[in-house]
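Inside the fold
Chain residues, written in single-letter form:
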Amino acid sequence: MLFTYPIEATENNWFHDCLCEMVQSIHASLDAGEEPQVWPDIIPMALRDGLRSRRGLRDRINAYQQAAGELTIADRQNIIQILTDQNEIERLLSCDHNCGTANDLPESIRGQAKALFSFAFNLLTNLDIRDTFYGIIYEASPNHVCPFCGCEYFDAPGAVREDLDHYLPKSSYPFAAANLRNLVPMGHKCNSGYKRDQDILKRQDGTRRRAFDPYGGNSIKISLDDSLPFGGEDGVTPDWQIQFDPDSEEATTWDEVFQIRTRYKRDVLNESFRSWLTDFSRWCRFIGVAVGTNEALINAIDRYTTYWGSMGFRDRAFLRAAVFRMLKSQCESGNERLIMLFRDMAVWA
Ligand SMILES: [Zn+2]
């Protein structure tokens, strides 16, 4: 992904922690042969007054408890292990850890576990956790764009809510459904059009793979330097070679899940190339930059690239800068056909 979110945004994770504590308390009582505490005493003391009126939560806790009470101690211990493992988000994404999925839970409690944690996720909105979380991320996001594509703009806090992706999908990893560490604001196209319910931790053949940690601090740059001018189907647009720097397993997962290369090529580069060339020619005329010699042309492209490179993620500037960086390099290498194209455009722009 192009940039990551600040880990501080996930610190207000008290509700997820509370939920896990209640489940663990139920298991501990049952394993000791005791009756679990009843609602609202099951809620940690400090949070009891704030949550006791949440009847939907109470009903799902009770249903979970009922199902857990009918399992063996070994089954219950296995569930707690899965709960713990599914929330080791950072280590799971780096392949330093593994976890069981919903299918590894006893069938008789699977539905109750999913229902409890999915309901808890929905409660994040009512408890004002979701909006506070989004506000921090919105302010921290460069140019307020989706970091998975760099092209979709986020609306300001207070607007219709942006998608909140379960990075580890809740259908497979229900115990992480309300964990802010697993929740990622994401543009609608990236979330609903591409990622959907794909398992970020596993390839389609079921093998494990590394994935970017949205709160991990790593970022990636796009290079088009190996693209071939005039190599596209129309004979003018380049044959795009999109490279990631660094090119890592995480970047491969990102491309597979979000179809980054396909989208950039089809929706941005092929669609915009000719108009970006025209824009460049207009810019040269507007500010009076001469392109009569190769040296002058290369100098003009360099200035234009620097300008767009300074624009960050605004209006897909990072991709336009990458295009002109490649074109400059080609002109420096003496690509006469490309130099002639620039000259011709300078005449009629
Ligand atoms: Zn996006």
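My aim in this report is to walk through the structure given alongside it, one point at a time. Not measured: the values here are computed from a predicted model. Each chain has its residues counted from 1, running along the sequence as written. Only residues with pLDDT of at least 70 get local features here, since the model is predicted, and only at 80 or more are side-chain atom pairs given and counted; chain-wide, interface and lining totals rely on the full set of residues. Working from all heavy atoms in the structure, the side-chain values ignore hydrogens and water.

Thoughts on the layout of surface pockets
If a probe the size of a water molecule is rolled over the atoms, the empty space left behind becomes visible. Two kinds of site are reported from a 1 Å grid over the protein atoms alone, namely cavities, where a 1.4 Å probe fits but cannot get out, and pockets, open sets with protein on both sides within 12 Å along at least five of seven lines, and residues are called lining when an atom falls within 4 Å of a point. Grid points are joined across faces, edges and corners, and a volume is the space filled by probe spheres set on the points. Empty space within the largest pocket amounts to approximately 330 Å³. Looking at the largest pocket, it is lined by 16 residues, and the ones nearest its centre are Ile-220, Lys-221, Ile-222, Phe-318 and Arg-325. Segments assigned H or I by DSSP are reported as helices when at least four residues long, segments assigned E as strands when at least two residues long, and all are numbered from the N terminus. Looking at the lining of the largest pocket, the elements with two or more residues in it are β3 (221-223), α11 (294-309) and α12 (317-332). A total of 4 residues in the lining of the largest pocket trace back to one element, the largest contributor, which is α12. The nonpolar class holds Ala, Val, Leu, Ile, Met, Phe, Trp, Tyr, Cys and Pro. Asp, Glu, Lys and Arg form the charged class, and all remaining residues, Gly among them, are polar. Along the lines of polarity and charge, the residues of the lining of the largest pocket split into 9 nonpolar, 3 polar and 4 charged.

A few points about the packing of aromatic side chains
Stacked, tilted and edge-to-face pairs are distinguished by plane angle, under 30 degrees for stacked and over 60 for edge-to-face with tilted covering the rest, among Phe, Tyr and Trp rings (Trp via its six-membered ring) whose centres lie within 6.5 Å. Tallying each qualifying case throughout the model produces 22 aromatic pairs. Ring centres of Tyr-134 and Phe-154 lie 6.2 Å apart, and the angle between their planes is 75°; this geometry places the pair in the edge-to-face category. Of this pair, Tyr-134 sits in helix α7 (residues 129-140) while Phe-154 sits in the loop between α7 and β1 (163-166), placing them 20 residues apart in sequence. Phe-154 carries the same exposure label as Tyr-134, and that label is buried. Residue exposure (1.4 Å probe, protein chains only): buried if accessible area is under 20% of the type maximum, exposed if over 50%, otherwise partly exposed.

Examining the coordination of the zinc ion
Any N, O or S atom lying within 2.8 Å of the metal counts as a donor, with the limit raised to 3.2 Å for Na, K and Ca; because water is left out of the atom set, some sites can appear incomplete. Here the zinc ion is held by the protein donor atoms Cys-146 (SG), Cys-149 (SG), Glu-152 (OE) and Cys-190 (SG), which lie 2.3 to 2.4 Å from it. Taken in chain order, the donor set of the zinc ion reads C-x2-C-x2-E-x37-C. A residue pair is termed long-range when its members are at least 10 positions apart, and Glu-152 in the loop between α7 and β1 and Cys-190 in helix α8 (residues 188-195) qualify at 38 residues. Each member of the pair, Glu-152 together with Cys-190, is buried.

Examining the environment of His-144
In this structure, His-144 sits in the loop between α7 and β1. Sequence separation between His-144 and Ala-321 is 177 residues, and the spatial gap between their C-alpha atoms is 19 Å. By definition, residues are in contact when any of their heavy atoms lie within 4.5 Å. With sequence-adjacent residues up to four places away left out, His-144 is seen in contact with Tyr-138, Glu-139, Glu-152, Tyr-153 and Phe-154.

Observations concerning unusual backbone geometry
A cis amide bond links Trp-39 to the next residue, Pro-40, at an omega of 5°. Looking along the chain, the bond that leaves Asp-245 and enters Pro-246 is cis, with omega of 0°. Looking at the element boundaries, Pro-246 is found in the loop between β4 (243-245) and α9 (249-258). The backbone phi angle of Cys-95 is positive, close to 70°, even though this residue is not glycine. One can find Cys-95 in the loop between α5 (89-93) and α6 (107-126). When its relative accessible area of 30% is taken as the criterion, Cys-95 is described as partly exposed. A positive phi is found at Asp-315, a non-glycine position, where the angle reads about 50°. Its location among the elements puts Asp-315 in the loop between α11 and α12.

Some remarks on the pattern of salt bridges
Salt bridges, as used here, are contacts in which a Lys or Arg side-chain nitrogen is within 4 Å of a carboxyl oxygen on Asp or Glu. Under the defined criterion, the tally for this structure stands at 16 salt bridges. Close ionic contact of Arg-52 with Asp-49 constitutes a salt bridge, the shortest N to O distance being 3.2 Å. Its relative accessible area of 43% is what places Arg-52 among the partly exposed residues. In this structure, a network of salt bridges that share partners links the residues Asp-279, Arg-282 and Arg-320.

Brief notes about the side chain of Asp-165
Structurally, Asp-165 can be placed in strand β1. The exposure class assigned to Asp-165 is buried, which follows from its relative accessible area of 2%. Apart from residues lying up to four places away in sequence, Asp-165 is in contact with Asn-182, Leu-183, Val-184, Met-186, Asn-191, Lys-195 and Arg-196.

Remarks on the nonpolar core
Counting residues in hydrophobic clusters, the biggest one holds 117 residues, and the most contacted among them are Phe-148, Ile-222, Trp-254, Tyr-264, Phe-280, Phe-324 and Phe-342. Not counting the four nearest positions on each side in its chain, Ile-222 is found in contact with Leu-2, Ile-242, Gln-243, Phe-244, Trp-254, Tyr-264, Phe-318, Leu-319 and Ala-322. Nine residue types can take part in a nonpolar core, namely buried Ala, Val, Leu, Ile, Met, Phe, Trp, Tyr and Cys, and a core is a set of them joined through side-chain atoms within 4.5 Å.

A few points about the pairing of strand β2 (residues 183-186)
A two-sided burial pattern is seen for β2, the buried positions comprising Leu-183 and Pro-185 on one face and Val-184 and Met-186 on the other. Pairing of β1 with β2 involves 4 bridges; the strand directions are antiparallel. When the bridges of β2 are listed, His-166 appears paired with Leu-183. For two strands to be treated as a pair, DSSP must find no fewer than two bridges joining them.

Focus: empty space enclosed by the protein
The final tally for this structure, using the stated rule, is 1 cavity of 30 Å³ or more. In this structure, the largest cavity spans a volume of roughly 40 Å³. In terms of lining, the largest cavity is formed by Phe-148, Tyr-167, Ile-200, Ala-211, Phe-212, Glu-250, Thr-253, Trp-254 and Phe-258. Its residues assigned to classes, the lining of the largest cavity comprises 7 nonpolar, 1 polar and 1 charged.

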